[in-house]
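Chain by chain, the residues run as shown.
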Amino acid sequence: MIDGVATDSSSTPSNEKPRRARRTRMTGAERRQQLLEIGRTLFAAKGFEGTSVEEIAAKAGVSKPVVYEHFGGKEGLYAVVVDREMRRLLDMVTSSLTAGHPRELCEQAAFALLDYIEEYTDGFRILVRDSPIPQSTGSFASLISDIATQVEDILGREFKSRGFDPKLAPLYAQALVGMVALTGQWWLEVRRPKKAEVAAHLVNLAWHGLDGLEAKPHLIGRRKS
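What counts and what doesn't
- Residues numbered from 1 in each chain as written.
- Predicted model: local features only at pLDDT ≥ 70, side-chain atom pairs only at ≥ 80, totals over all residues.
- Heavy atoms only, no water.
- Helix = DSSP H or I, 4+ residues; strand = E, 2+ residues; numbered from the N terminus.
- Buried < 20%, exposed > 50% of the residue type's maximum accessible area, 1.4 Å probe, protein only.
- Contact = heavy atoms within 4.5 Å.
- 1 Å grid on protein atoms, 1.4 Å probe; cavity = no way out; pocket = protein on both sides within 12 Å on 5 of 7 lines; lining within 4 Å.
- Points joined across faces, edges and corners; volume = space filled by probe spheres on them.
- Nonpolar A, V, L, I, M, F, W, Y, C, P; charged D, E, K, R; others polar.
- Core = buried A, V, L, I, M, F, W, Y, C linked by side-chain atoms within 4.5 Å.
- Polar contact = N/O pair within 3.5 Å; in protein donor to acceptor, adjacent residues only side chain to side chain.
- Expected span 1.5 Å × (residues − 1).
- pLDDT = per-residue confidence, 0-100.
- Phe/Tyr/Trp six-rings, centres within 6.5 Å; stacked < 30°, edge-to-face > 60°.
- Lys NZ or Arg CZ within 6 Å of the ring centre and 35° of its normal.
- Axes fitted to C-alpha atoms, helices over the stretch in contact; angles between N-to-C directions.
- Parallel < 35°, antiparallel > 145°, perpendicular 65-115°, else oblique.
- Salt bridge = Lys/Arg side-chain N within 4 Å of Asp/Glu carboxyl O.
- Arc of directions from axis to C-beta.

Caption draft 1: Seen up close, the overall build of the protein. Helix and strand content of the protein: nine helices and zero strands. The proportion of buried residues among the 225 residues of the protein is 38%. Contacts in the protein between residues at least 24 apart in sequence constitute 68% of all its contacts with a sequence separation of at least 6.

Structural data, given as structure tokens:
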């Protein structure tokens, strides 16, 4: 005790510097995942052109060469982010199509896309942008085409059972999936009405349009070609 003040014999001597807490080093896989998540957030907020390697590296607390080491540059990181989001959305849609009734299948497909928009908003923002990378693994248009392919078989069977030409199923599949996708882009920003109500209205238009489908549709205007 000095001047009535208790001293701690275990305290650090004045001539020694306090030890710094050790930083845990990330594994290569952990660092790659971290860069992907940071890139995904920045690409969604700023777009490809508005995002720099310097900013990605700074957010990750690493130097620029680390980004190049894992992805070869911003283009490589962007391509991987886009590929992952495309596979995630396609998996969500295809795995949702489990019902037996065609109308419920339409509902499941609509919900799958709206679920993705709600849960992976950053990913959807990236997908709906035109990719600036020519060698990118895909585009939103090609993704919609992939999803439409999954719907073709369902529509083909429905057309056949109604006596319609099943060869037209791809055209209708593209139209239906495109309608849902474009509505999803609009709902991404407004978020009204609620998800279930949006799905109900989409299916209302799609199903009652199909329900009253003409086997041989005709044009009523003057133009015929």
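Here the narrative resumes, following the displayed structure.
Caption draft 2: Local environment of empty space enclosed by the protein. In total, this model carries three cavities of 30 Å³ or more according to the counting rule given. In this structure, the largest cavity occupies an estimated 290 Å³ of space. What lines the largest cavity is a set of 24 residues, among which Cys106, Ala109, Val151, Val177 and Val180 lie closest to the centre. Taken together, the elements giving at least two residues each to the lining of the largest cavity come down to helix H5 (102-119), helix H7 (140-162), helix H8 (169-190) and helix H9 (195-211). Partitioned by chemical class, the residues of the lining of the largest cavity number 23 nonpolar, no polar and one charged.

Caption draft 3: Local environment of the nonpolar core. By size, the foremost hydrophobic cluster in this structure holds 54 residues, and its most contacted members are Ile56, Leu89 and Leu127. Apart from the residues lying within four places of it in its own chain, the contact partners of Leu89 are Leu113, Tyr116, Leu127, Leu143 and Ile147.

Caption draft 4: The environment of Gln34, seen in detail. Inspection of the secondary structure assignment puts Gln34 in helix H1 (residues 28-46). C-alpha of Gln34 to C-alpha of Ala60: the two residues are 26 residues apart in sequence and 7.1 Å apart in space. Those residues in contact with Gln34 that sit more than four places away from it in its chain are Met26 and Ala60. In this structure the side chain of Gln34 is engaged in a polar contact, spanning 3.4 Å, whose partner is the backbone oxygen of Ala60.

Caption draft 5: Quick look at H1. Here H1 spans 26 Å end to end across 19 residues, near enough to the 27 Å set by a 1.5 Å rise per residue. Of the positions making up H1, those classed as buried are Arg31, Gln34, Leu35, Leu36, Ile38, Gly39, Arg40, Leu42, Phe43 and Ala44. Where H1 is buried, its residues touch helix H2 (53-60), helix H3 (64-71), helix H4 (74-96) and helix H6 (121-128). Residue Gly47 follows H1 closely and has a positive phi angle near 80 degrees.

Caption draft 6: Inspection of the confidence of the model for the protein at higher detail. Put simply, the protein has an average pLDDT of 85, and 85% of its residues get 70 or more. Within the protein, H7 has the poorest average pLDDT of any element, 84, and H2 the best, 97. The low-confidence segment residues 1-7 (pLDDT under 50) makes three contacts with residues lying over four places distant or belonging to another chain.

Caption draft 7: Just the packing of aromatic side chains, in detail. Inspection of every chain in the model, using the stated rule, returns seven aromatic pairs. Measuring from ring centre to ring centre gives 6.3 Å for Tyr116 and Phe124, while their planes differ by 70 degrees; the resulting arrangement is edge-to-face. Plain terms: the ring middles of Phe159 and Tyr172 are 5.1 Å apart, the flat faces sit at 75 degrees to each other, and that makes the pair edge-to-face. Highlighted residues: Phe159 in helix H7 and Tyr172 in helix H8, separated in sequence by 13 residues. Under the relative-accessibility criterion, Phe159 is labelled buried at 3%. Pairwise contacts between aromatic rings join Phe43, Phe48 and Tyr78 into one cluster. Just above the ring of Trp207 sits the side chain of Arg162; from NZ or CZ to the centre is 5.9 Å.

Caption draft 8: Quick look at the packing of H5 against H6. Packing of H5 against H6 leaves a shortest axis separation of 5 Å and a crossing angle of 110 degrees. Regarding the angle of H5 to H6, the classification is roughly perpendicular. The segment H5 lies against H6, with Leu113, Tyr116, Ile117, Glu118 and Glu119 engaging Thr121, Gly123, Phe124 and Leu127. Counted by class, the contact of H5 with H6 contains five nonpolar, two polar and two charged residues.

Caption draft 9: The pattern of salt bridges, seen in detail. Evaluated as defined, the whole model comprises ten salt bridges. Salt bridges linked by common partners bring Arg40, Glu85 and Arg88 together as one network.

Caption draft 10: Structural detail: H9. Spanning 17 residues, H9 covers 24 Å between terminal C-alpha atoms, matching the ideal 24 Å at 1.5 Å per step. Those residues of H9 lying buried are Lys195, Val198, Ala199, Leu202, Val203, Ala206, Trp207 and Leu210. For H9, the arc enclosing every buried residue in end-on projection is 145 degrees, short of the 170-degree limit, so these residues lie on one face. On its buried face, H9 sits against H5, H7 and H8.

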